[in-house]
Structure formats: structure tokens, C-alpha cells
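Structural features, examined
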Amino acid sequence: MAKAMAKISSVTPEQDREAPFSSCPVDNALKLISGKWKPRILYRLSLGTQRFGELQRSIPEVTQRMLTLQLRELERDGLIKRKVYAEVPPKVEYSLTKAARNMGPILLSFGNWFDTHASELLNN
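Every chain is numbered independently, its residues counted from 1 as its sequence is written. Note on the predicted model: pLDDT of at least 70 is required for a residue's local features to be given, and 80 or more for side-chain atom pairs to be given and counted; whole-chain, interface and lining totals, by contrast, use all residues. Excluded from the side-chain calculations are hydrogens and water; all other atoms, namely the structure's heavy atoms, are used.

Patch construction takes residues with relative accessible area above 30% that form no salt bridge. Like charges are linked within 9 Å, and nonpolar side chains (Val, Leu, Ile, Met, Phe, Trp, Tyr) are linked within 5 Å. The Shrake-Rupley method, run with a 1.4 Å probe sphere, supplies the accessible areas, and residue values consider only the shown protein chains as cover. The term salt bridge refers to a pairing of a side-chain nitrogen on Lys or Arg with a carboxyl oxygen on Asp or Glu at a separation within 4 Å. Residues scored as charged are limited to Lys and Arg (positive) and Asp and Glu (negative), so that His and the chain ends carry no count. The atom standing in for a charge is NZ when the residue is Lys, CZ when it is Arg, CG when it is Asp and CD when it is Glu. There is a patch of like positive charges on the surface, built from Lys81, Lys83, Lys98 and Arg101. Segments assigned H or I by DSSP are reported as helices when at least four residues long, segments assigned E as strands when at least two residues long, and all are numbered from the N terminus. Structurally, Arg101 is set in the loop between strand S3 (91–96) and helix H7 (103–122). Accessibility expressed as a relative area gives 45% for Arg101, which makes it partly exposed. Think of it in three bands: residues with accessible area under 20% of the maximum for their type are buried, residues over 50% are exposed, and the middle band is partly exposed, with areas taken using a 1.4 Å probe on protein chains only.

Let us look at the packing of helix H4 (residues 38–46) against H7. Following both chains from N to C, one finds H4 and H7 inclined at 120°, their axes separated by 9 Å at the closest point. Our classification of the angle between H4 and H7 gives oblique. Relative to H7, the crossing made by H4 is left-handed. When H4 is examined against H7, the residues Pro39, Leu42, Tyr43 and Ser46 are found in contact with a partner set consisting of Met103, Gly104, Leu107 and Leu108. Interaxial angles span 0 to 180 degrees and are taken between N-to-C directions of axes, which are lines fitted to C-alpha atoms, for helices over the stretch in contact. Roughly parallel means an angle under 35 degrees; roughly antiparallel, over 145; roughly perpendicular, 65 to 115; everything else is oblique. Helix crossings fall into two classes, left-handed where the near helix is turned counterclockwise from the far one by less than a right angle and right-handed where it is turned clockwise. Note on definitions: a residue-residue contact is assigned when non-hydrogen atoms from the two residues lie within 4.5 Å.

This paragraph deals with the confidence of the model for the protein chain. For the protein chain, the average pLDDT comes to 85, and 84% of its residues sit at 70 or higher. Scored below 50 in pLDDT, residues 1–11 shows two contacts in the model against residues more than four places distant or in partner chains. You can read pLDDT as the predictor saying how much it trusts each residue, on a scale of 0 to 100.

Take helix H6 (residues 64–76) next. Here, expected helix span is obtained from the residue count minus one, scaled by 1.5 Å. Along its 13 residues, H6 runs 18 Å from first to last C-alpha, staying within 8% of the 18 Å computed at 1.5 Å per residue. Within the sequence span of H6, burial applies to Leu67, Gln70, Leu71, Glu73 and Leu74. Viewed along the axis of H6, the buried residues span an arc of 160°, placing them on a single side of the element. Residues of H6 that are exposed and point over 90 degrees away from its buried face: Gln64, Arg65 and Arg72. This arc is built from the directions going out from the helix axis to the C-beta atoms.

Moving on: the nonpolar core. Residues belong to a common nonpolar core when they are buried Ala, Val, Leu, Ile, Met, Phe, Trp, Tyr or Cys residues joined through side-chain atoms within 4.5 Å. By size, the foremost hydrophobic cluster in this structure holds 20 residues, and its most contacted members are Ile41, Leu42, Leu71, Ile80 and Tyr94. Elements with a minimum of two residues in this core: H4, helix H5 (52–58), H6, S3 and H7. Not counting residues within four places of it along the chain, the set of residues in contact with Ile41 comprises Leu55, Ile59, Leu67, Gln70, Leu71 and Leu74.

Okay, the sheet that holds strand S1 (residues 50–51) next. Taken in spatial order, the three strands make up an open sheet running S1-S3-S2, and their pairing is antiparallel. Lying at the two open borders of the sheet, with one neighbouring strand each, are S1 and strand S2 (80–85). In this analysis, strands are considered paired if DSSP registers two or more bridges between them. The sheet contact formed by S2 and S3 spans six bridges and is antiparallel. Within S3, the position partnered with Lys83 by the bridge is Glu93. Strands in contact with H4 are S1, S2 and S3; relative to S3, the strand with the most contacts, it is inclined by about 95°.

Quick look at unusual backbone geometry now. Put simply, Val88 and Pro89 share a cis peptide bond, and its omega is -5°. Topologically, Pro89 is positioned in the loop between S2 and S3.

Once that is clear, we can look at the pairing of S3. Here S3 lies mainly inside the structure; five of its six residues are buried. Following S2, the chain reverses through five residues before pairing antiparallel with S3.

Listed below in C-alpha cells is the structure:
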């Protein structure tokens, strides 16, 4: 699978992160949240703190590996916090950072926009 992914894009997430930000704020925001899973994860976390299993159940199409990778990237980019409790078995919770908290209403608004215009968009 890694081989197939390498064919799709030769840019690693680390290299992509190092690419300079543009003068367009929309481009910069999309760079942080782009992808199939990140907006979904951020929206779910805007509803409240969740454990890994809760996130995985709320997005059943995502694999465990992909969810782990996306959570790591979101944490690296300062959008989510990961809190580990010293318990056996380990308990880990994910929540939005202060910088990301305002994103929930934006994502909800984006979904509402689609609902409003779905018939028009899907009939073209």
C-alpha cells in the first residue's frame, strides 16, 4: 500500500508541511485541514472531547492506521490536543485546541451550504 501511495504523491506530509505558506489565507487554511478525514475528525471533535475508539466509530469508513496518521498530523499542526492518562489500559483523549475551536461552526456551515444547494449541484 505504501508503494501505491508513493505513486500518487511523491511529497511526504513532512515535506508538504515545510512548503511555504501562500499569501492567500484560504490556501493556508486548506493546507492544514485538507484531505478526506481531517474535516470529519475536526467536526466530530468540535462536538466534544473523544477517545480514539469513539472517533473511529463515528467515522466507520476510516481505517485505524489512517485515523492515527491524521490525528498525529492534526496534533503536529496545532489543531488538536492529545491527553494521555496514566492508566492500564492507557486512556487517550483528543480535543480541539483553542485555535481550532471556531472551526466547528465553519464546518457545520459548509455542510449546511451543501444541503441547501445539493439538488442544484448534483443535477449538473
